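# Inside the fold
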Amino acid sequence: MSDAILFTVEEGMARLTLNRPARLNAFNADLAHAWKDATAEATSRADVKAILIDAAGPAFCAGGDVIDMATTMGASGAEITALAEVINAGIRSLTESAVPVVAAAHGTTAGGGLGILLSSDYAVVGSRSKLGSLYANIGLTPDLSVSAQLARAVGQRRALQLVLQDRLLSGAEAQEWGLVAETVAGEDAAAEAALVRARGEEIARFWLAGAADAYGQAKRLVRSQPERSFVEQLSEEARSIGAALETPDAQARVAAFAAASAKKAG
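This section reports on the structure supplied with the text.

Quick notes on the rules
Starting from 1, residues in each chain are numbered consecutively following that chain's sequence as written. With the structure being a predicted model, the display of local features is reserved for residues of pLDDT at least 70 and the display and counting of side-chain atom pairs for 80 or more, all residues being used for whole-chain, interface and lining totals. Hydrogens and water are ignored here; the side-chain numbers use all heavy atoms of the structure. For every residue, the accessible area (1.4 Å probe, protein chains only) is compared with the maximum for its type, and the residue is labelled buried under 20%, exposed over 50%, or partly exposed between those bounds. Only DSSP runs of H or I covering at least 4 residues are called helices, and only runs of E covering at least 2 are called strands; the numbering of each starts at the N terminus. Only strands joined by at least two bridges in the DSSP assignment are considered to pair. Throughout this description, a polar contact denotes any pair of N or O atoms lying within 3.5 Å of each other; where both atoms belong to protein, one of them has to be capable of donating a hydrogen while the other can accept it, and for residues adjacent in sequence the pair is counted only when both atoms sit in side chains. The contact rule is simple, with two residues in contact once any of their heavy atoms fall within 4.5 Å. A pair of aromatic rings is counted whenever rings of Phe, Tyr or Trp (Trp by its six-membered ring) have centres within 6.5 Å, and the orientation is called stacked for planes under 30 degrees apart, edge-to-face for over 60 and tilted otherwise. Expected span of a helix: the number of residues minus one, times 1.5 Å. Within this analysis, the arc is defined by the directions that extend from the helix axis to the C-beta atoms.

## Brief notes about the pairing of strand S2 (residues 13–18)
Among the 6 residues that make up S2, 6 are buried, leaving the element largely enclosed by the rest of the structure. Here S2 shows no split at all, with Met13, Arg15 and Thr17 on one side and Ala14, Leu16 and Leu18 on the other all buried. As paired strands, strand S1 (residues 5–10) and S2 are joined by 6 bridges and run antiparallel to one another. Bridge assignment links Val9 to a residue of S2, and that residue is Ala14. By the bridge criterion, 6 bridges tie S2 to strand S3 (residues 50–55) in an arrangement that is parallel.

## Considerations on the side chain of Thr17
Relative to the helices and strands, Thr17 is located in strand S2. Among the polar contacts made by the side chain of Thr17, one reaches the side chain of Asp54 at a distance of 2.6 Å. Once residues lying within four places of it in the same chain are set aside, the contact partners of Thr17 are Ala4, Ile5, Leu6, Asp54, Ala55 and Ala56.

## What about the packing of aromatic side chains?
Using the criterion set out here, one finds 2 aromatic pairs in the structure. Look at Phe27 and Trp35: their rings are 6.1 Å apart centre to centre, the planes differ by 90°, and that puts the pair in the edge-to-face class. Here the two residues Phe27 and Trp35 agree in accessibility, since each one is buried. Ring geometry for Phe206 against Tyr215: centres 5.7 Å apart, planes inclined by 45°, an arrangement best described as tilted. The class for Tyr215 is partly exposed, based on a relative accessible area of 33%.

## Some details on helix H8 (residues 189–209)
Here H8 contains 21 residues, and its C-alpha end-to-end distance of 30 Å stays within 8% of the 30 Å for a straight helix at 1.5 Å per residue. Residues Glu192, Ala193, Val196, Gly200, Ile203, Ala204 and Trp207 constitute the buried set of H8. Axial view of H8: buried residues confined to an arc of 115°, hence all on one face. For H8, the exposed residues set more than 90 degrees away from the buried face come down to Ala190, Phe206 and Ala209.

Here it is in structure tokens:
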């Protein structure tokens, strides 16, 4: 695994830390391939039941490395397309998996970084956080799932407001829009970043301490629903709950619930 992403697995939680802080964790070729590899490993390991994505430095992710595009890569459209497809493979690994993903996104999240955040199932930001599109500022169009996922998260009209304006949402605005789940505040930027990371880890630990597989399957049902008709989704829900009931974890939880209810009734 490249140093562009720090990857660890501990007690069921895979942690992926974007690690290009000097460039605000903007994606270059090295980070793109590290992202693809790390997400593939995290979602394929049987011992991983929750995934946390966070970032080193002052920002979560500034999208693509524009300086790298203009210099090292020579701003080749074909190269940019190929690089986006590499990152897309990682996004698909996360969104198509049955593992819940939390993003701890302190500081700025912009451009393709918004797509990385949207590939999580639960997002936490700071009160100082800024989130936006900003693609048109450099004459580019949304990528990394932004056009695919943003409107699903906040509605089409708000998605259009964000991609058609030079606008950054505050953490509070992002929460009010439904783009993120929680906002935390710290005394300064560094303290707030630490609190965002800590809250992201707390959420992942909550999943692990509970019915981790059930949370994962619930995520899968919601994420995969657009692929099915309403009737097909009902059938998939019925199949999934039946399969869940056959697991030892569910059987133990159902028995405990029944016993507690009987005791209360008596």
